[in-house]
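Descriptive structure summary
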Amino acid sequence: MNTEKFSSTRGFIDLKEIDRVELLGFYHSKVSEVNYFTIADVCGWLDSLSLAKPNKSRLKRKLLASKNFVKGPVKYSYKLHENLQKSLEKEFPQFQEDDKVIETINPKISKSLYSVTRGYIEPLCRQINASYENNIFDGTAVLMRRLLEIMLILSYEKLGIGSDLKDPDNEYKNLNTIVGNALTNSTLSLSRNTRDYLDQFRKIGNFSAHKIHYNTKKSDIRNIVLDYRAAIEELLYKSGLIQ
């Protein structure tokens, strides 16, 4: 069951905003096996259904005030209260099926982010999403690595420090060197969370591309996807591709 089919079973257009979040939070906890979400995730979910984006501050207040949500395991994340989760599992028993047969449209990178960027970034983001949805996890990791490298380079260029990443022949250095510079570059000034995960994003892509006996698993992507999405969004702002 994809998001469109799921939303049609409950008439999302007529639901209150908080009710939509409850159902979408449940849906994505089942199809992506990540039981927490951020405000940015909610905006992406609603955008994928062509529904109006919420006021972020108002939605945050609603989530904190509702008894059906609790704080998630990472900063600024939320998850369904256990009682609501169990209630919805009874209402939608079809989600107890093997997740390999569940039809998903579950973007790792929200269309609302990449649709206003550059022509070569949009198809790359779509390929990342499509690879994950079709269980091509090595491909997902390699594409995620490629997008990360592109976004770091574009951010350096926007800030006028592109030369920091180039060798004497004016060619860009490898991603390992780029990441090392990004971790300490005061002009780039990455957030602490992005710095904490930056090399992890690089490694999973490298392992998928170069380690003979390694295969990326769904859980490898799932465990970093929220932090990866936050890092890409940060770099989209720093590169000037979104305002």
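Throughout, a residue's number is its position along its own chain's written sequence, starting from 1. Local features in a predicted model are, by the rule used here, given only for residues with pLDDT of at least 70; side-chain atom pairs are given and counted only at 80 or more, and totals for whole chains, interfaces and linings are based on all residues. Side-chain figures throughout are based on the complete set of non-hydrogen atoms in the structure, without hydrogens or water.

1. Re the overall build of the protein
- Helix and strand definitions follow DSSP, with helices as H or I runs of at least four residues and strands as E runs of at least two, each counted in order from the N terminus. Summing up its helical and strand segments, the protein has 12 helices and three strands in all.
- Summary of the burial criterion: residues with accessible area below 20% of their type's maximum are buried, those above 50% are exposed, and those between are partly exposed, where the area comes from a 1.4 Å probe applied to protein chains only. Considering the protein as a whole, with its 243 residues, one finds that 48% of them fall into the buried category.
- Summarising the internal contacts of the protein: among those between residues at least 6 apart in sequence, 64% fall at separations of at least 24. Residue contacts follow a heavy-atom distance rule, with two residues in contact if any of their heavy atoms lie within 4.5 Å.

2. Some thoughts on the sheet that holds strand 3 (residues 77-80)
- Pairing within the open sheet is antiparallel, and its three strands lie in the order 1-3-2. Of all the strands in the sheet, just strand 1 (37-38) and strand 2 (69-71) have a single pairing partner and so form its edges. In this description, strands pair whenever DSSP reports at least two bridges between them.

3. Here's the deal with the layout of surface pockets
- A 1.4 Å probe that fits into a set of points on a 1 Å grid over the protein atoms alone but cannot get out defines a cavity; an open set with protein on both sides within 12 Å along at least five of seven lines defines a pocket, and lining residues are those with an atom within 4 Å of a point. Grid points are joined across faces, edges and corners, and a volume is the space filled by probe spheres set on the points. Taken as a whole, the largest pocket holds about 680 Å³ of empty space.
- If you trace the largest pocket, you find 20 residues lining it, with Thr38, Ala40, Lys75, Tyr76 and Ala230 closest to the centre.
- When contributions to the lining of the largest pocket are tallied by element, the ones reaching two or more residues are helix 3 (39-48), helix 4 (56-65), helix 10 (192-210) and helix 12 (225-238).
- With six residues, helix 12 is the single largest residue contributor to the lining of the largest pocket.
- Residues belonging to the lining of the largest pocket are distributed by class as follows: eight nonpolar, four polar and eight charged. Residues are grouped as follows: Ala, Val, Leu, Ile, Met, Phe, Trp, Tyr, Cys and Pro are nonpolar; Asp, Glu, Lys and Arg are charged; all remaining types, including Gly, are polar.

4. Let's talk about helix 7 (residues 121-133)
- Under the convention used throughout, the expected extent of a helix is 1.5 Å for every residue step, that is, one less than its residue count. Given a rise of 1.5 Å per residue, 13 residues ought to cover 18 Å, and the 19 Å separating the end C-alpha atoms of helix 7 matches this to within 8%.
- Among all positions in helix 7, only Ile121, Leu124, Cys125, Ile128, Asn129, Ser131 and Tyr132 are buried. Projected down its long axis, helix 7 carries its buried residues within an arc of 165 degrees, all on one side. It is the directions from the helix axis to the C-beta atoms whose arc is reported.

5. Regarding the nonpolar core
- The biggest cluster of nonpolar side chains holds 38 residues, and the ones touching the most others in it are Leu147, Met151, Leu152 and Tyr228.
- The element contributing the most residues to this core is helix 8 (residues 137-158), with 12 residues.
- Apart from residues lying up to four places away in sequence, Tyr228 is in contact with Ile109, Ile128, Met144, Leu147, Leu148 and Phe201.
- Listed in part, the 26 residues of the second largest apolar core include Phe6, Val21, Val31 and Ile39. Residues belong to one nonpolar core when they are buried, are Ala, Val, Leu, Ile, Met, Phe, Trp, Tyr or Cys, and are joined through side-chain atoms within 4.5 Å.

6. Remarks on unusual backbone geometry
- Even without being glycine, Asn170 reaches a positive phi, approximately 65 degrees.
- Inspection of the secondary structure puts Asn170 in the loop between helix 8 and helix 9 (175-184).
- Despite not being glycine, Ser189 shows a phi value in the positive range, around 50 degrees.
- With respect to the helices, strands and loops of the structure, Ser189 is situated in the loop between helix 9 and helix 10.

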